[in-house]
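Per-entry structural report
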Amino acid sequence: MTYNVHVHKVEKKYLWINGKKVTSDTFTPLYSPYSHEKIADIAMADEQLTTDAISSAYKAFNIISTKPAYERAIILEKVANLLTERAEQAAEIIALESAKPITFAKTEVARTIETYKFAAEEAKRIHGETIPFDASPGGVGRMGYTIRKPIGVIGAITPFNFPMNLVAHKLGPAIASGNSVVLKPASQTPLSALFIAELFQEAGLPNGVLNVVTGSGTIVGEAIIKDDRVKMVTFTGSPEVGIGIRGKAGLKKTTLELGSNAAVIIDEDVNIDSLIERCVMGAFSNQGQVCISLQRIYVHENAYTQFVEKFVAATKKLKMGNPMNPDTYVSSLISERETKRALKWIEEAKQNHAQVLVGGKINNGILEPTVIVDANPKLKVSCQEVFAPIVIINPIVSVEEAIGYVNDSQFGLQAGLYTQNINHALLATDRLEVGAVIINDIPTFRVDHMPYGGVKNSGTGREGVKFAVEEMTELKLVVWNQLQN
Ligand code: NAP
């Protein structure tokens, strides 16, 4: 079956340094995770080319940091407008390189547009505050205020799972606040990042402010982290790589947006029918490859049987297939390696008395959406980040008990609670060890201006444009001594 998509030509894709395409000695073929067809040849940067990109960003910092806020805002607005015009093409690129079903890819593009709009707006309100110096006897006769200064070259390293919007969460606030950037996109999803670089060029971003360096994480990523001219590393990706970056970054600022095994608690007093579709979406959208994907569901024992039956029935209806098909809900994982890894975790669960109620098999290369019950907390599907269309459901006797299970995790990004009971909601907001508690929704809820980030192994720092701007600027204090003549 064919779908109404732009014809995709296999092209060579180059590095983007100082406003120009730059070639490399090595190119690597990029394949679609779904069809395994070759979709591009990607230039692989070495350490020297990465250093060239950093030099270009270092020079351009002077240009972007002295541009008035309104001009930076205009560039970001233009990117949002250009992306709106090319939204279909952008969604197809995401679907092609990451196997994200096209319906979800379109949602990602719509969110990316919003993220750049938020960044354009935020560029105009980066300011400090006045300090009441005379609150201290030693401060009498002084007045002063803080200002926020851009910090310099930012190294941005991004994952494959939201290849356009997570790039926007780095480029938007960085450029809004007058920084220059060296961006290293995930090796499987460089096309979305290179597409956005072209839009920035068209929108009038000065050469060198944005540089995109494709290539391996260990070569390009490490070269970015160790260069003294890079003042901040903003990373979104796996905890393993994030922890390594933190270890090597020294005194550089770091923002780390890492993984989780996000959970929702469902109290006994909620209408189960009203939340099934939402929970299915939380567990299986983008094949579960979402950092706040719903991995663990704790349902009050009085509602448990009903919830499981309805959830399984809804899961069975999900359409699997080609990501370009608008009816597809679940497609391939990012690689066969990941598919095999997820299958092994399901096997481990089965061998340890867990029951697979639906899914658990590969169907035309696609891992079926999988629902597991009776999984003990030590199993990988419970305690590690599953990052696949797998969800576990467990009964609980009380919300309080469930809070204990949710907190019994190395991660803490977001958690959800459905309840009608205000005391249970208050208890959860107080006790859950996460970056955000979502009442009456799944932990997968996110809009792009909210503060977003985790505790524990889910990371440090916050994104969400305004909050990323805070991370990407230094607070400078100015004090005036009012001399009496
Ligand atoms: P990943 O394997 O950690 O890769 C992320 C990025 O790091 C890629 O660009 C990768 O390059 C690069 N990288 C790999 N090794 C590196 C090194 N030694 N030094 C510097 N950079 C290196 O993660 P992923 O598989 O793409 O993404 C999935 C993970 O991201 C999940 O854990 C998910 O939870 C997390 N995530 C978190 C958030 C959040 O906001 N908290 C959002 C989305 C995803 P290569 O591709 O070339 O290896």
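Criteria and thresholds
Residues numbered from 1 in each chain as written. Predicted model: local features only at pLDDT ≥ 70, side-chain atom pairs only at ≥ 80, totals over all residues. Heavy atoms only, no water. Helix = DSSP H or I, 4+ residues; strand = E, 2+ residues; numbered from the N terminus. Expected span 1.5 Å × (residues − 1). Buried < 20%, exposed > 50% of the residue type's maximum accessible area, 1.4 Å probe, protein only. Contact = heavy atoms within 4.5 Å. 1 Å grid on protein atoms, 1.4 Å probe; cavity = no way out; pocket = protein on both sides within 12 Å on 5 of 7 lines; lining within 4 Å. Points joined across faces, edges and corners; volume = space filled by probe spheres on them. Nonpolar A, V, L, I, M, F, W, Y, C, P; charged D, E, K, R; others polar. Pairing = 2+ DSSP bridges. Axes fitted to C-alpha atoms, helices over the stretch in contact; angles between N-to-C directions. Domains from an automatic or database assignment. Buried area = accessible area lost by both parts, 1.4 Å probe. Salt bridge = Lys/Arg side-chain N within 4 Å of Asp/Glu carboxyl O. Polar contact = N/O pair within 3.5 Å; in protein donor to acceptor, adjacent residues only side chain to side chain. Parallel < 35°, antiparallel > 145°, perpendicular 65-115°, else oblique. Left-handed = near helix turned anticlockwise from the far one by under 90°.

Let us look at helix α3 (residues 87-98). Taking 1.5 Å of rise per residue, the 12 residues of α3 would be expected to cover 16 Å, and the 16 Å separating its terminal C-alpha atoms lies within 8% of that figure. Among the 12 residues that make up α3, nine are buried, leaving the element largely enclosed by the rest of the structure. Restricting attention to buried positions, one finds in α3 the residues Ala90, Ala91, Glu92, Ile93, Ile94, Ala95, Leu96, Glu97 and Ser98. Buried positions along α3 lie against β4 (26-31), β5 (38-44), α2 (69-85), α4 (102-123) and α6 (190-202). Among the residues trailing α3, alanine 99 stands out with phi positive, at a value near 65 degrees.

Taken as a whole and assessed by the stated rule, the structure comprises three cavities of 30 Å³ or more. Volume-wise, the largest cavity comes out at about 70 Å³. Lining the largest cavity we find 15 residues, and of these Arg296, Phe411, Gly412, Leu413 and Val434 sit closest to its centre. When contributions to the lining of the largest cavity are tallied by element, the ones reaching two or more residues are α13 (399-407) and β20 (411-412). Of the residues in the lining of the largest cavity, the class split is six nonpolar, six polar and three charged. Taken together, Trp16, Gly19, Ala197, Phe200, Gln201, Leu205, Pro206, Asn207, Gly208, Val209 and Leu210 make up the full set of residues lining the second largest cavity.

In spatial order, the strands read β15-β18-β19-β14-β13-β21-β22; together these seven strands make up an open sheet with mixed pairing. Of all the strands in the sheet, the pair left with one neighbour each is β15 (355-358) and β22 (436-439). The sheet shows a mean angle of 25 degrees between the axes of neighbouring strands, taken without regard to direction. Its contacts with the sheet place helix α9 (residues 276-284) against β13 (263-266), β18 (370-373), β19 (390-396) and β21 (414-418), and it is angled at close to 130 degrees to β19. Along the sheet, helix α14 (residues 422-431) makes contact with β21 and β22, crossing β22 at roughly 165 degrees.

Another aspect to go through is the sheet that holds strand β1 (residues 11-13). If you trace the three strands from one edge of the open sheet to the other, you get β1-β5-β4, paired in mixed fashion. Each of the sheet's edge strands pairs with one partner strand only, and the pair in question is β1 and β4. Going from strand to strand, the sheet's axes swing by 30 degrees on average, the running direction of each strand aside. Direction of pairing for β1 relative to β5: parallel, over a ladder of three bridges. Its bridge partner lying in β5, glutamate 11 is registered against alanine 40.

Next up on the list: the domain arrangement of the chain. Domain assignment breaks the chain into domain 1 (11-258 + 459-475) and domain 2 (263-447). Computed from C-alpha atoms alone, the centre-to-centre distance between domain 1 and domain 2 is 31 Å. Taken over both partners, the interface formed by domain 1 and domain 2 buries close to 2100 Å², and the fraction arising from carbon and sulfur atoms is 64%. It is Tyr34, Phe104 and Phe160 that lose the most area in domain 1 upon contact with domain 2, and together they represent 27% of the buried surface on that side. Counting across the interface, domain 1 meets domain 2 through zero salt bridges. Our enumeration of links across domain 1 and domain 2 arrives at six residue pairs in polar contact (both at pLDDT 80 or more).

On to the environment of leucine 205, then. Within the element layout of this structure, leucine 205 appears in the loop between α6 and β10 (210-212). Along the sequence, leucine 205 and isoleucine 64 sit 141 residues apart, while their C-alpha atoms lie 8.6 Å from each other. What leucine 205 contacts, discounting residues up to four positions off in sequence, is Ile64, Ile75, Ile175, Phe200 and Leu210.

With their axes 8 Å apart at the nearest point, α3 and α4 run at an angle of 125 degrees to one another. Classified by the interaxial angle, the pair formed by α3 and α4 is oblique. Like other packed secondary-structure pairs, α3 and α4 cross with a definite hand, here right-handed. Only Ile102, Ala105, Lys106, Glu108 and Val109 of α4 make contact with α3, whose side of the interface consists of Ala87, Glu88, Ala90, Ala91, Glu92, Ile94 and Ala95. Partitioning the contact of α3 with α4 into residue classes produces eight nonpolar, no polar and four charged.

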